[in-house]
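The chain contents come next:
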Amino acid sequence: MDINYLYTFKEVAKWGSYTRTGEELGYAQSSVTTHIKKLEDHYGQKLFERTGQKMKLTQPGEELLYYVNQVTELLNEAKERLTTNEDARGTVSIGTVESLAAYFITPYIRELKKAAPFSKDYARSGFMSKFNTRNY
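Report follows, based on the coordinates. All of these numbers come straight from a predicted model, not from anything done at the bench. Residue positions within a chain follow its written sequence, with the count starting from 1. Residues qualify for local features only when their pLDDT is at least 70, as the model is predicted, and side-chain atom pairs are given and counted only at 80 or more; totals for whole chains, interfaces and linings, by contrast, use all residues. To obtain the side-chain values, all non-hydrogen atoms of the structure were used and water was disregarded.

## Thoughts on helix 2 (residues 18-25)
Now for step 1: Working definition: with a 1.4 Å probe on protein chains only, accessible area under 20% of the residue-type maximum means buried, over 50% means exposed, and in between means partly exposed. For helices the rule is a DSSP run of H or I covering at least 4 residues; for strands it is a run of E covering at least 2, with both sets numbered from the N terminus onward. Every buried residue of helix 2 is accounted for by Tyr18, Thr21 and Gly22. Burial along helix 2 is one-sided: seen end-on, the buried residues are contained in an arc of 100°.
Now for step 2: Any pair of residues with heavy atoms lying within 4.5 Å of one another is described as a contacting pair. Contacts made by the buried residues of helix 2 are with helix 1 (3-15), helix 3 (29-43), strand 1 (48-51) and strand 2 (54-57).
Now for step 3: Here helix 2 starts with a cap whose side-chain oxygen sits 3.3 Å from the backbone nitrogen of Thr19, and that cap is Ser17.
Now for step 4: Two residues or fewer after helix 2 comes Gly26, characterised by a positive phi angle close to 80°. The directions from the helix axis to the C-beta atoms are what the arc is built from. Under this definition, polar contacts are N or O atom pairs within 3.5 Å; protein pairs additionally need one hydrogen-donor-capable and one acceptor-capable atom, and for neighbouring residues in sequence, both atoms have to be side-chain atoms.

Okay, structure coming up:
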């Protein structure tokens, strides 16, 4: 099964329309229909039913959506993790006096976490004698 079928399925569930899903994903409507048909064949279940102009999830479709959301979230997380710049990984240790830690350093640490979410950051305040890099 092509993983893109799961993304297509998720979008049809979101928009309730094969046409709108095709527009959002840059596919022809017939490609969206094919993706859903292949998923239905794979699982042996009807995943959508037409109600007027909208496509509505069936009970098996609702169950599949639960798992598709988990799978696509993990795939997106893996992609982000694996495509993160190697320079954005590692450990950052900061030692400072308490007044700087409380008011000056905090916004910079927040920015660091945004820029390098997979880095390990340690901040400690106190006297220099307390700082032993092996304890970080």
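## Some words on the nonpolar core
Now for step 1: Here, nonpolar core means buried Ala, Val, Leu, Ile, Met, Phe, Trp, Tyr and Cys residues that are tied together by side-chain atoms lying within 4.5 Å of each other. Phe9, Val12, Tyr18, Ile36, Leu39, Leu47 and Phe48 are the most contacted members of the largest nonpolar core, which has 15 residues in total.
Now for step 2: Elements supplying a minimum of two residues to this core: helix 1, helix 3, strand 2 and helix 4 (59-83).
Now for step 3: Sorting elements by how many residues they give to this core places helix 1 first, with four residues.
Now for step 4: Apart from the residues lying within four places of it in its own chain, the contact partners of Tyr18 are Val12, Gln29, Val32, Thr33, Ile36, Phe48 and Met55.

## Quick notes on the pattern of salt bridges
Oppositely charged side chains are able to pair whenever their charged atoms sit close together.
Now for step 1: Any carboxyl oxygen of Asp or Glu that lies within 4 Å of a side-chain nitrogen of Lys or Arg is treated as forming a salt bridge with it. Under the defined criterion, the tally for this structure stands at two salt bridges.
Now for step 2: Among the ionic pairs, Glu24 bridges to Arg20, the shortest N-O distance being 3.0 Å. Here Arg20 and Glu24 lie together in helix 2, a separation of four residues that amounts to about one turn.
Now for step 3: With relative accessibility at 42%, the residue Glu24 sits in the partly exposed group.
Now for step 4: In this structure, the salt-bridge partner of Asp41 is Lys37, at a minimum N-O distance of 2.9 Å. In this pair, Asp41 and Lys37 both sit in helix 3, four residues apart, roughly one turn of the helix.

## Some points on the packing of helix 1 against helix 2
Now for step 1: Closest axis-to-axis distance for the helix 1/helix 2 pair is 8 Å, and the angle between their directions is 125°. It follows that helix 1 is oblique to helix 2 by the angle criterion. Read as a crossing pair, helix 1 and helix 2 show a hand that is right-handed. Between helix 1 and helix 2, the residues in contact are Tyr7, Thr8, Glu11, Val12 and Trp15 and Tyr18, Arg20, Thr21, Glu24 and Leu25, respectively. Fitted lines through C-alpha atoms give the axes, limited to the stretch in contact for helices. The angle between two N-to-C directions lies from 0 to 180 degrees. Note on terminology: angles under 35 degrees are roughly parallel, angles over 145 are roughly antiparallel, angles of 65 to 115 are roughly perpendicular, and the others are oblique. We call a crossing left-handed when the near helix sits turned anticlockwise from the far one by less than a right angle, and right-handed when that turn is clockwise.

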